[in-house]
Amino acid sequence: MIIAPSVLTADLSSLGSACKEAVEAGLDWLHLDIMDGNFVPNLTFGPPVIKRLREHLGSGPIFDAHLMIENAEESYMQYIEAGCNHLTVHVEAVKHLHRLVHAIRDAGAGAGVVLNPATPIDSIRDILPDLDLVLIMSVNPGFGGQSFIPTVESKIRTLRSWIDEQVSNGGRPVQIQVDGGVKAHNIAMIQEWGATNCVVGSGLFNSNGSVKENLQIILNALG
Ligand code: DX5
Ligand code: ZN
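Residues numbered from 1 in each chain as written. Chains lettered and ligands numbered in written order. Predicted model: local features only at pLDDT ≥ 70, side-chain atom pairs only at ≥ 80, totals over all residues. Heavy atoms only, no water.

Visitor: What is the right way to read the coordination of the zinc ion (ligand 2) from this model?
Guide: Tetrahedral coordination by four donors puts the ideal angle at the metal at 109.5 degrees, and octahedral coordination by six puts it at 90 or 180 degrees. All of the protein donors around the zinc ion (ligand 2) are H31 (NE2), D33 (OD), H66 (ND1) and D179 (OD); their distances to the metal are 2.1 to 2.3 Å. Coordination at the zinc ion (ligand 2) is octahedral: its 6 donor atoms span angles of 72 to 173° at the metal. Here the donor residues for the zinc ion (ligand 2) map to a single chain with the spacing H-x1-D-x32-H-x112-D. With relative accessibility at 6%, the residue D33 sits in the buried group. (Donors = N, O, S within 2.8 Å, 3.2 Å for Na, K, Ca; no water. Tetrahedral: all angles 85-135°; square planar, octahedral: opposite > 155°, others 65-115°. Buried < 20%, exposed > 50% of the residue type's maximum accessible area, 1.4 Å probe, protein only.)

Here it is, written out as structure tokens:
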């Protein structure tokens, strides 16, 4: 299971230090929540900040950009040039998903699609063979610290069976990432459903302890 820290709930006034704390705790898959204030009612940061983060952290960590933005089809290259390794785009915000997924992969980055809680899993059935990752939102996007939406279980289990079938037929393995409200009390259950990558924001960045201490609690829950 990959634990992907979302720095959205960290002290954003020192974003570089928050990311560095996560990397030093052994977390090298960083989930960057990019919000434009249009697709979601919150606004975070974009390519200029990502570029500085990459300079600050070096080439090691994986930057996984969760693009909660309206103009991914126009701006995706800026995120790759800023240093992102993976781009995940919302099916609800993209007009030509097949074209964008292939453009991202052709540019050398991993391509993911993300589904909001109400978006049916069938919407990505035909693009699944072309993907590196599917992100299942278990909260409505825009904010950290929200409660997990348990009805995503059936989407995750269905996706798990599709990917297992695809791999058994010689197709590409695709990561199942779950994002929103993931904590020590539910992560083992989410793994049992078939997830391979869990985004954790407030479960790692909070006033109860350091990222390292909070991570240990989560790892203990995974057994
Ligand atoms: C919400 C973001 C999530 C969120 C996760 O729009 O996509 O990545 O920051 O934070 P927690 O783990 O606190 O729900
Ligand atoms: Zn996210």
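Visitor: Before we go on, may I ask you to explain the environment of T196 in this structure?
Guide: Mapped onto the elements, T196 comes out in the loop between α6 (187-193) and β8 (197-200). According to the relative accessible area criterion, T196 is partly exposed, its value standing at 30%. Counting along the chain gives 21 residues from T196 to Q175, while the straight-line C-alpha distance between them is 6.0 Å. Look past the residues within four positions of T196 in its chain and what remains in contact with it is M1, I2, R160, Q175 and I176. (Helix = DSSP H or I, 4+ residues; strand = E, 2+ residues; numbered from the N terminus. Contact = heavy atoms within 4.5 Å.)

Visitor: Whenever I open this one, the packing of helix α2 (residues 47-57) against helix α3 (residues 72-82) confuses me. Can you help?
Guide: Geometry of a packed helix pair, given as the angle between the helix axes and the separation of the axes. With their axes 8 Å apart at the nearest point, α2 and α3 run at an angle of 15° to one another. Overall, the two elements α2 and α3 adopt an arrangement that is roughly parallel. By crossing handedness, the relation of α2 to α3 is classed as right-handed. Residues P47, I50, K51 and R54 of α2 pack against Q78, Y79 and A82 of α3. Split by residue class, the contact of α2 with α3 holds 4 nonpolar, 1 polar and 2 charged. (Axes fitted to C-alpha atoms, helices over the stretch in contact; angles between N-to-C directions. Parallel < 35°, antiparallel > 145°, perpendicular 65-115°, else oblique. Left-handed = near helix turned anticlockwise from the far one by under 90°. Nonpolar A, V, L, I, M, F, W, Y, C, P; charged D, E, K, R; others polar.)

Visitor: Got a minute to help me understand the site of ligand 1 in this structure?
Guide: Around ligand 1, a shell composed of 20 residues is seen, among which D33, G142, D179, G201 and S202 lie nearest. In the environment of ligand 1, an oxygen atom lies 3.0 Å from a nitrogen or oxygen atom belonging to the side chain of S6. For ligand 1, an oxygen atom lies 2.6 Å from a polar atom in the side chain of D179. Within the complex, the protein chains bury 100% of what would otherwise be the 380 Å² of accessible surface of ligand 1. With respect to the pocket detection grid, ligand 1 is positioned in the largest cavity. Taken together, the elements giving at least two residues each to the shell around ligand 1 come down to β2 (29-35), β3 (62-68) and β8. (Near = heavy atom within 4 Å. Polar contact = N/O pair within 3.5 Å; in protein donor to acceptor, adjacent residues only side chain to side chain. Areas by Shrake-Rupley, 256 points an atom, 1.4 Å probe, with all protein chains shown as cover. 1 Å grid on protein atoms, 1.4 Å probe; cavity = no way out; pocket = protein on both sides within 12 Å on 5 of 7 lines; lining within 4 Å. Sits in = over half its atoms within 2 Å of the grid points.)

Visitor: What should I look at first to understand the side chain of K155 in this one?
Guide: By the element assignment, K155 lies in helix α5 (residues 153-168). We note that K155 is buried and unpaired, the nearest opposite charge coming from E92 at a distance of 6.8 Å. From its side chain, K155 meets the backbone oxygen of N116 in a polar contact 3.0 Å long. Leave out the neighbours within four places in its chain, and K155 touches L115, N116, P117, A118, T119, I121 and I136. (Lys, Arg positive; Asp, Glu negative; His and termini not counted. Salt bridge = Lys/Arg side-chain N within 4 Å of Asp/Glu carboxyl O.)

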